[in-house]
Amino acid sequence: PLPTTMSLLAPPPPATVNTVRCAIPVSHCQLCLFPPNFTSCSCGDTSSSSTGTASPVPNSYDSLEGGSYPDSVPSSNNVTNQAAPYGSYGYASMQPAYQQGPAPHADPSSSQELFGQPTYNQFPQPFPNLSQLSAALGGLSGVPELEVEALRAVNLLQERNLLPPRPLEAPEPNLSPELKKVNCSPQTFRCTLTSIPQTQALLNKARLPLGLLLHPFRDLQQLPVITSNTIVRCRSCRTYINPFVTFLDQRRWKCNLCYRVNDVPDEFMYNPVTRSYGEPHKRPEVQNSTVEFIASSDYMLRPPQPAVYLFVLDVSHNAVEAGYLKFFCESLLQNLDKLPGDTRTKIGFLTFDSTIHFYNLQEGLSQPQMLVVSDIDDIFIPCHDSLMVNLKESKELVKDLLTSLPAMFSQSTETHSALGPALQAAFKLMSSTGGRVTVFQTQLPTLGAGALQSREDPNQRSSTKGVQHLGPATDFYKKLALDCSGQQVGVDLFLLSSQYADLASLSCISRYSAGCVFYYPSFHFIHNPAQLEKFQRDLERYLTRKIGFEAVMRIRCTKGLSIHTFHGNFFVRSTDLLSLANVNPDSAFAVQMSIEDSLADSSLACFQAALLYTSSKGKRRIRVHTMCLPVVNQLSDVYAGADVQAVTCLLANMAIDRSISSSLPDARDALLNAVVDLVGAYKSNVSNLQQSGLVLPASMCLFPVYILALLKQKALRTGTSTRLDERVFAMCEFKTQPLQQLMRMIHPDLYRLDNMSDKGALHLDDSVVPQPHLLHLSAERLSRDGAFLMDCGYVFYLWIGKSCSEMFIRDVLGCPDYASIPPNMSHIPELETLLSARVRAFLDWLQDNRAFSSIVHVLKDDASATAMFFQHLVEDRSESASSYQEFLQQVQQQASK
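In the nomenclature of an unreviewed UniProt entry, the protein is known as SEC24 homolog B, COPII coat complex component of Tetraodon nigroviridis. Here is the UniProt Sequence similarities (unreviewed entry) comment for the protein, exactly as written: "Belongs to the SEC23/SEC24 family. SEC24 subfamily."

Laid out in structure tokens, this is it:
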């Protein structure tokens, strides 16, 4: 491998919205390992942002969220006190009395008469200025707390016990307690470096990527919701006011991103929480780093759309054999009243095999009417008004259809699938309103537009060379997705297939319309009960989870920083604006960043994500997240603040793009080089140790094992038999999953359960939750007299050794002995024993932190089950991959060169 450095891709040229080209010298581009012989690499667009040459939607969306301030608004220097009358401020957890403000007063001096207080200039208010904020930071160099642990040199060849006893937490940025208290939660906003390098040269020297991982719409237990006539924003860069702005006095505030001085509107002087006037720095917008505004008509291109749901169902013979339709209909019937929406909610159904079937559900009919369109080459809508119906008005007809649908096709012998024409019909049905299309597919599309042929060679599943056909076979699904995005239609795909279905092509319909993909390989309602259970649980969550429509998201950052590559499912509408036809609480995004100008004049760097969307209740809302991090000029401080899990997840996204745009071996080499570069940089620039070995700072000591685990994942592994669709789905997951879920998939958590004690246990809601220690993912940490739980994110494996104590088997599994444990056991029974209560409490506690519930598989100590369990022990040697120690030796050899 070539020696490389981890600079990041340069921003795209201004004239080209959807193309991200790399203008960095070859030796500085981490993912261009075998470039052509010229001075710039040709890695091209390595992100999901490459979605076509032109936007299908007018650029008015750019100014909708506020890319630039409207020309009609006067500049800050000429603005007089012409604020709108004090509006109502609504907060979700507040009493109604808080929603009424005082009457407007344009003259500032009138506040003395109204509140009996002196004028503004005489207020001894504690407004922090920029220098005070800087002073509030802890020292950024030579801080004992940082230096002693995060920078402790770790020789990886000598130290084996590197895992902490509990799952790794996000590192805390080196900020004052006051700033830490108001900073954004790392579960929402996370940076690969919690100390931002002052210059790009310093970042290059560190050999670490700079980027953000964002989970913007995640479920929150507490969210300040603000209703106001005035949403206060910077007049230059349009940043929303936040806890990290500087109040110069009561009438002026300085933006923390572009440093422009702005006026404080009169309305903002009133605090509805305290019912006081003259303390703008105590407003909820300035006290919370995550807030949600109720947006005015200024943030709308049209009246907010209703919640609209269209279900597109495969009813071919293959689908009937798989048996999913019955369980889908049952689940939707059970959750019909839980679909997010209001009295305007619309619903529709479309089924397909070799023809397209529409369903007239118009109110007043005695039963649903099926309308069949057999001309799939020129698809048309038989009747527009009665196919998408008001759910409240036509609920009984919808229930009748869901009850009868499974039997209608139970005898079908039609083997063909016209998925493409069905999607075209769905687009025509939804384009006037926007909404969500949910597609269920069980096989390779064979008829009409978008028909595909099998591209998988089963003999190449174990190849150690490049993997072919990771990209789409046709641009039909991508183009249709762009059309959908332009009409605010998002498409979600459920693929339930036992055969190759070309997910690399099909997934484009979701990737570019901001949808999501679910995949159930070898699905069968009888032969694969575990997949059926997972499908049912996923579907319930999917149908009832929160949803946002016609959304856009923009990420802003401190002057001098720039964003240049996005990862996730979306369409890039302009250089920094993402179009999200639908947004859900389970999808995440990642961005790569670079430092264009020196941050020497800044002590803090800030990042703000604004998500503008329509709620299922028809309200236009803006959710804003703001994160603040210190700026440092010492390489040691950069390493001390490195977030090893965020770095791993960002590199995973980059490697997925590289494997598609170039080749899988290139992507794997790039990941190896990332470890080699970090070892070399740390040794030559920071470590003063002359000892031999492989030395990294404690903050990054898990980096090699995480990268090794990443190389052994389905998405990136070679030499192990891997179905092409399963590999592609793993790649889709890497691009869309939140960090916590992604890390469990990359590096599962392993615990021993049979010897749990109450030492260090959590006491929650009258239950005791044991906290067993994490174990390294190696067979040497297992023993046949124990019971070990592996948390892989979507699945729990409970491995029972042959010599495990009968008390544990009896008290937890309800079986008298090891031999009586049934095969394919997939649940932990509720038993009236202390040990059962402890194990279930621990499992429930693990489940609480994830959106989709995980299936439990109880595995006995036999050949097949043990092989399934042991394939996740990433530190051990496998049939095609090195062990952790061998990987370290490989890194050391490369670093020495």
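Next comes the rest of the write-up.
Quick rundown of the overall build of the protein? Include the residues and the values.
Scanning the protein from N- to C-terminus turns up 25 helices and 33 strands. Relative to its full complement of 897 residues, the protein shows a buried share of 60%. Accessible surface computed for the protein: about 35,000 Å², of which carbon and sulfur atoms make up 49%.

Let's hear about the pattern of salt bridges: which residues, and what values?
Following the criterion strictly, the structure yields 34 salt bridges and no others. Between K180 and E172 there is a salt bridge, with its nearest N and O atoms 3.2 Å apart. The network of salt bridges with common partners includes D219, R541, R545, K546 and D586.

Tell me about a nonpolar patch on the surface, residues and numbers included.
There is a patch of nonpolar side chains on the surface, built from M370, V372 and M408 and spanning about 250 Å² of accessible area. Within the secondary structure, M408 sits in helix α10 (residues 395–408).

If you had to explain the pairing of strand β33 (residues 855–860) to someone new, which residues and values would you point to?
Across a regular strand the side chains alternate sides, sitting on one face of the sheet and then on the other. Most of β33 is tucked away, with 5 of its 6 residues classed as buried. In this structure, strand β32 (residues 795–800) lies alongside β33, joined through 6 bridges in parallel fashion. When the sheet's bridge partners are listed, Y797 is paired in β33 with H857.

Could you give an account of unusual backbone geometry, naming the residues involved and the relevant values?
In this structure, R238 takes a positive phi of about 70° despite not being glycine. Summarising the element assignment, R238 is placed in the loop between β5 (225–227) and β6 (246–249). You can call R238 buried: its relative accessible area is 9%. Here Q488, not a glycine, exhibits a phi torsion of approximately 60°, which is positive.

How would you explain the packing of aromatic side chains if you had to name every residue and give the values?
Ring pairs (aromatic) are described by centroid distance and by the angle formed between their planes. Taken as a whole and assessed by the stated rule, the structure comprises 30 aromatic pairs. Here the aromatic rings of F518 and F852 are separated by 5.8 Å at their centres, their planes lie at 70°, and the arrangement is edge-to-face. A residue pair is termed long-range when its members are at least 10 positions apart, and F518 in strand β19 (residues 517–519) and F852 in the loop between α23 (834–847) and β33 qualify at 334 residues. Of the two residues, F518 and F852, neither departs from the other in class, the shared state being buried. The interplanar angle of 55° and the centroid separation of 6.2 Å between the aromatic rings of W799 and F870 together place this pair among those described as tilted. You can see W799 sitting in strand β32 and its partner F870 sitting in helix α24 (residues 863–870), a full 71 residues away along the chain.

Residue-level account of the sheet that holds strand β8 (residues 261–263), with values.
With antiparallel pairing, the 3 strands of this open sheet are ordered in space as β6-β7-β8. Of all strands in the sheet, those bounded by a partner on one side alone are β6 and β8. Taking the axes of each pair of neighbouring strands and ignoring which way they run, one obtains an average angle of 35° across the sheet. The pairing of β6 with strand β7 (residues 252–254) spans 3 bridges and is classified as antiparallel. Looking across to β7, one finds that D249 is bridged to R252.

Provide a residue-level description of the nonpolar core, including the pertinent values.
Of all hydrophobic cores here, the largest spans 243 residues; its most connected members are F328, F607, I800 and L813. The leading source of residues in this core is helix α18 (residues 664–685), at 11 residues. With residues near it in sequence (within four places) discarded, L813 still touches L798, I800, F808, I821, M825, I828, P829, L831 and V858.

So, the packing of helix α9 (residues 324–335) against α10: which residues are in play, and what are the values?
The contact between α9 and α10 brings their axes to 8 Å, and the two run at 160°. Comparing their axes, α10 and α9 come out roughly antiparallel. Handedness of the α9/α10 crossing: left-handed. Facing α9, whose interface residues are L325, K326, F328, C329, L332 and L333, α10 presents K399, L402, T403, L405 and P406.

Give a description of the sheet that holds strand β28 (residues 749–752) that names residues and reports values.
The mixed open sheet is built from 4 strands, whose spatial order is β28-β31-β32-β33. If you trace the sheet from one side to the other, it starts and ends with β28 and β33, each paired once. When the angles between neighbouring strand axes are averaged without regard to direction, this sheet yields 20°. Relative to β32, strand β31 (residues 787–791) runs antiparallel, the two being bridged by 5 bridges. Paired with M790 across the bridge in β32 is Y797. With respect to the sheet, helix α22 (residues 806–813) is in contact with β31, β32 and β33, its orientation differing from that of β32 by roughly 145°.

Quick rundown of α9? Include the residues and the values.
Its 12 residues place the ends of α9 17 Å apart at the C-alpha level, agreeing with the 16 Å of an ideal helix rising 1.5 Å per residue. By the burial criterion, the buried members of α9 are Y324, L325, F327, F328, C329, S331, L332 and N335. Buried residues belonging to α9 abut β12 (308–314), α8 (317–322), β13 (346–352), α10, β17 (435–441) and α15 (529–544).

Residue-level account of the environment of L387, with values.
Position of L387 relative to the elements: it lies in the loop between β15 (369–373) and β16 (389–390). In this structure the C-alpha to C-alpha distance between L387 and L429, which are 42 residues apart in sequence, comes to 8.0 Å. Here L387 is in contact with I347, G348, F349, F358, Y359, N360, L371, I381, P382 and L429, once residues within four sequence places are set aside.

Mind laying out a negative patch on the surface, listing which residues take part and the relevant values?
Taken together, the side chains of E830, E832, D844 and D848 present a region of like negative charge at the surface. Position of E830 relative to the elements: it lies in the loop between α22 and α23.

Tell me about α10, and name the residues and values.
Within an α-helix, residues lying three or four positions from one another point in the same direction, as the helix has 3.6 residues per turn. Here α10 contains 14 residues, and its C-alpha end-to-end distance of 20 Å stays within 8% of the 20 Å for a straight helix at 1.5 Å per residue. The largest bend in α10 comes to about 25°, at L402, with the proline P406 one to four residues further on. For α10, every residue scored as buried is listed here: L397, V398, L401, L402 and L405. Considering only its buried residues, α10 is in contact with β12, α9, β13 and β14 (356–360).

Could you give an account of the confidence of the model for the protein, naming the residues involved and the relevant values?
Averaged over all residues, the pLDDT of the protein is 83; the fraction at 70 or higher stands at 83%. Segment residues 1–59: pLDDT under 50, and 158 contacts once partners within four positions in sequence are set aside and those in other chains are kept.

Each value, and the rule that gives it
- Residues numbered from 1 in each chain as written.
- Predicted model: local features only at pLDDT ≥ 70, side-chain atom pairs only at ≥ 80, totals over all residues.
- Heavy atoms only, no water.
- UniProt positions renumbered as here; feature names shortened; annotations may be inferred.
- Helix = DSSP H or I, 4+ residues; strand = E, 2+ residues; numbered from the N terminus.
- Buried < 20%, exposed > 50% of the residue type's maximum accessible area, 1.4 Å probe, protein only.
- Areas by Shrake-Rupley, 256 points an atom, 1.4 Å probe, with all protein chains shown as cover.
- Salt bridge = Lys/Arg side-chain N within 4 Å of Asp/Glu carboxyl O.
- Patch = residues over 30% accessible without salt bridge, like charges linked within 9 Å, V, L, I, M, F, W, Y side chains within 5 Å.
- Pairing = 2+ DSSP bridges.
- Phe/Tyr/Trp six-rings, centres within 6.5 Å; stacked < 30°, edge-to-face > 60°.
- Axes fitted to C-alpha atoms, helices over the stretch in contact; angles between N-to-C directions.
- Core = buried A, V, L, I, M, F, W, Y, C linked by side-chain atoms within 4.5 Å.
- Contact = heavy atoms within 4.5 Å.
- Parallel < 35°, antiparallel > 145°, perpendicular 65-115°, else oblique.
- Left-handed = near helix turned anticlockwise from the far one by under 90°.
- Expected span 1.5 Å × (residues − 1).
- Lys, Arg positive; Asp, Glu negative; His and termini not counted.
- Charge placed at Lys NZ, Arg CZ, Asp CG, Glu CD.
- Bend = angle between axes of the 7 residues up to and from the residue.
- pLDDT = per-residue confidence, 0-100.

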